[in-house]
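Listed below are the residues making up each chain.
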Amino acid sequence: FIQQLHLRADLLDAEFQRAVNLGIVRAGQEFAAQGIGQAEPAHASSDAADSMEFCAHGVRVVSAPIKTVLRMGEKVKQYAEELQRAEGPEQFLPYTAHILDPL
């Protein structure tokens, strides 16, 4: 399961990052067109650690590399243990972190 999750994350990461960044640009342009805020150019930068920073319309998105298979397994185990201890509605509804953080 974790191997497949890692493979899919690797295949989809670049397109996901482009979609997030494009959504920010489009939302900023729409707000500017409605007179809310002002349009500003987007810019991106990266560093040696494979993180990517994208800024547009006052929104800053910093993406990091996908976790290793080992780290993904650790995160899934951590959240599974938390859900086993949960009571009430929390035991049935995982938090967003339980779904996205392993990636």
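Scroll up for the structure.
Described in the following lines is the structure provided in the data block. (Residues numbered from 1 in each chain as written. Predicted model: local features only at pLDDT ≥ 70, side-chain atom pairs only at ≥ 80, totals over all residues. Heavy atoms only, no water.)

In this section: the overall build of the protein. Assigned secondary structure in the protein consists of three helices and three strands. The order of helices and strands in the protein, counted from the N terminus, is α-β-β-β-α-α. Taken over 103 residues, the protein has a buried fraction of 19%. Expressed as a percentage of contacts within the protein between residues at least 6 apart in sequence, the contacts between residues at least 24 apart total 46%. On the protein, roughly 7700 Å² of surface is accessible, and the fraction owed to carbon and sulfur atoms is 59%. (Helix = DSSP H or I, 4+ residues; strand = E, 2+ residues; numbered from the N terminus. Buried < 20%, exposed > 50% of the residue type's maximum accessible area, 1.4 Å probe, protein only. Contact = heavy atoms within 4.5 Å. Areas by Shrake-Rupley, 256 points an atom, 1.4 Å probe, with all protein chains shown as cover.)

Attention shifts here to the packing of helix α1 (residues 2–33) against helix α2 (residues 69–85). In helix packing, the relevant descriptors are the interaxial angle and the interaxial distance, both defined with respect to the helix axes. α2 packs onto α1 with a crossing angle of 115° between their chain directions and a minimal axis gap of 9 Å. For the pair α1 and α2, the sense of crossing is right-handed. Between α1 and α2, the contacting residues are Ile2, Gln3, Leu5, His6 and Ala9 on the first element and Val69, Met72, Gly73 and Val76 on the second. Residues of the contact of α1 with α2, tallied by class, amount to six nonpolar, three polar and no charged. (Axes fitted to C-alpha atoms, helices over the stretch in contact; angles between N-to-C directions. Left-handed = near helix turned anticlockwise from the far one by under 90°. Nonpolar A, V, L, I, M, F, W, Y, C, P; charged D, E, K, R; others polar.)

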